[in-house]
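Residue-level listing of the chains:
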Amino acid sequence: MSSTTKDTPPPLPEPLRVAVADSHTHLDMQDGTVEDALAKAASVGVTTVVQVGCDVNGSRWAAETAAAYEAVHATVALHPNEAPRIVLGDPDGWSRQGAREPGGDDALDAALAEIDALAALPHVRGVGETGLDHFRTGPDGMAAQQRSFRAHIEIAKRHGKALVIHDREAHDDVLRILREEGAPERVVFHCYSGDAEMAKICAEAGYYMSFAGNVTFKNARPLRDALAVAPPELVLVETDAPFLTPAPYRGRPNAPYLIPVTLRAMAEVKGMTEEALATAVAANTARAFGY
């Protein structure tokens, strides 16, 4: 694929006949203005987006953006990979802040206090994305990651907000910590990555499962099997844009306006009409995030 096509945004899909929400997006990491992204999304029936925070600055931005736009709701958190960077430092500057010195537990406490304050705001509808990431964080970072996750669960419960979970190769530990801490009333597994067995466990607990563009990938059979058994009243759809662009546009920039591509693929897996799934997803997202 030449670089021009890789950078070319995919075309606008056929509009949905029933409006839905993108339950998880990162507008601050996408090209173009917020206005343009929202207008493009609305033109194909994606009338609401949940803007997700991953660090203190991004969470502040999410809260400000949700305050400024009716179509945007915010979640705030320290991403699971952010917590170890705060505590242990980030010499390579892998995250958006560049290289960082180790701040220890005090720095993590200070960052969590900022998230706690933002979580109290009315247009902040969730605490996330938080959770565990065994893919990117080595054993030395696990203590910070788990401490941060437990703190976010407590913040979500105290403020009565949804908990948005990032779970990468950490299913058992995420489910265990939710049990140990006692889960908030509303829990969303963002970019659901478990199998059908885990989907049954989540369904029993009443956890929402949000499916992203990777459900359309050829090798994603286990994800489609999970979607097939997930109850329609617990299913959400998301872009995680600019990441995880659905097939056939994989590798090109993702954005909220591509939700219809993923939703149509999901409807096929569930043996539902596009309208029936969109109607369910719209109601589920509003219920999950309390808007």
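A short tour of the structure in this document, coming up. (Residues numbered from 1 in each chain as written. Predicted model: local features only at pLDDT ≥ 70, side-chain atom pairs only at ≥ 80, totals over all residues. Heavy atoms only, no water.)

**Describing the pairing of strand β2 (residues 46–52)**
- The buried fraction of β2 is high, at 6 of 7 residues.
- Alignment of strand β1 (residues 20–25) against β2, held across 4 bridges, turns out to be parallel. Along β2, the bridge assignment pairs Asp 22 with Val 49.
- At this point the chain moves from β1, through helix α2 (residues 34–43), to the parallel β2, and the crossover so formed is right-handed. (Buried < 20%, exposed > 50% of the residue type's maximum accessible area, 1.4 Å probe, protein only. Helix = DSSP H or I, 4+ residues; strand = E, 2+ residues; numbered from the N terminus. Pairing = 2+ DSSP bridges. Right-handed = clockwise from strand over helix to strand, strands pointing away.)

**Re the packing of aromatic side chains**
- Evaluation of the coordinates by the stated rule reveals 2 aromatic pairs.
- Aromatic pair Phe 189 and Tyr 207: ring centres 5.8 Å apart, planes at 35°, arrangement tilted. With Phe 189 in strand β6 (residues 187–189) and Tyr 207 in the loop between α8 (196–205) and β7 (208–211), this pair connects stretches of sequence that are 18 residues apart.
- One cation-aromatic arrangement involves Arg 168 over Phe 135; the distance from NZ or CZ to the ring centre is 3.6 Å.
- Here Arg 250 stacks its cationic end above the ring of Phe 217, 3.7 Å away from the centre of that ring. (Phe/Tyr/Trp six-rings, centres within 6.5 Å; stacked < 30°, edge-to-face > 60°. Lys NZ or Arg CZ within 6 Å of the ring centre and 35° of its normal.)

**Here's the deal with the packing of helix α5 (residues 104–119) against helix α6 (residues 142–159)**
- Here α5 crosses α6 at 25°, and the two axes come no closer than 10 Å. Relative to α6, the element α5 lies roughly parallel. Judged by the twist between their axes, the crossing of α5 over α6 is right-handed. Residues Asp 105, Leu 108, Asp 109, Leu 112, Ile 115, Asp 116 and Ala 119 of α5 touch α6, and the partners they reach there are Ala 144, Arg 147, Ser 148, Ala 151, His 152, Ile 155, Arg 158 and His 159. (Axes fitted to C-alpha atoms, helices over the stretch in contact; angles between N-to-C directions. Parallel < 35°, antiparallel > 145°, perpendicular 65-115°, else oblique. Left-handed = near helix turned anticlockwise from the far one by under 90°. Contact = heavy atoms within 4.5 Å.)

**As for helix α11 (residues 274–289)**
- Its 16 residues place the ends of α11 22 Å apart at the C-alpha level, agreeing with the 22 Å of an ideal helix rising 1.5 Å per residue.
- For α11, every residue scored as buried is listed here: Glu 274, Leu 277, Ala 278, Ala 280, Val 281, Asn 284, Thr 285, Ala 288 and Phe 289. All buried residues of α11 fall inside an arc of 165° around its axis, so they share one side. (Expected span 1.5 Å × (residues − 1). Arc of directions from axis to C-beta.)

**Quick look at the nonpolar core**
- Formed by 82 residues in total, the largest nonpolar core has its most connected members in Phe 149, Leu 163, Leu 178, Phe 189 and Tyr 192.
- Examining the composition of this core, we find that 6 residues originate from one element, α5, more than from any other.
- Not counting the four nearest positions on each side in its chain, Phe 189 is found in contact with Ile 165, Asp 167, Val 174, Leu 175, Leu 178, Met 198, Cys 202, Tyr 207, Tyr 208, Met 209 and Ser 210. (Core = buried A, V, L, I, M, F, W, Y, C linked by side-chain atoms within 4.5 Å.)

**Observations regarding the pattern of salt bridges**
- Across all of its chains, the model carries 16 salt bridges by this definition.
- Across the salt bridge formed by Arg 60 and Glu 114, the nearest N and O atoms sit 2.8 Å from each other. Linking Arg 60 in helix α3 (residues 56–68) with Glu 114 in helix α5, this pair joins segments that are 54 residues apart in sequence.
- You can call Arg 60 partly exposed: its relative accessible area is 32%.
- Here Glu 114 falls in the partly exposed class, since its relative accessible area comes to 31%.
- Salt-bridge contacts for Asp 90 lead to Arg 85; the nearest nitrogen and oxygen are separated by 3.8 Å.
- Residue classification places Asp 90 among the buried residues on the basis of a relative accessible area of 7%.
- Here the salt bridges share partners, and the residues they tie into one network are Arg 150, Asp 173, Arg 176, Glu 180 and Glu 181. (Salt bridge = Lys/Arg side-chain N within 4 Å of Asp/Glu carboxyl O.)

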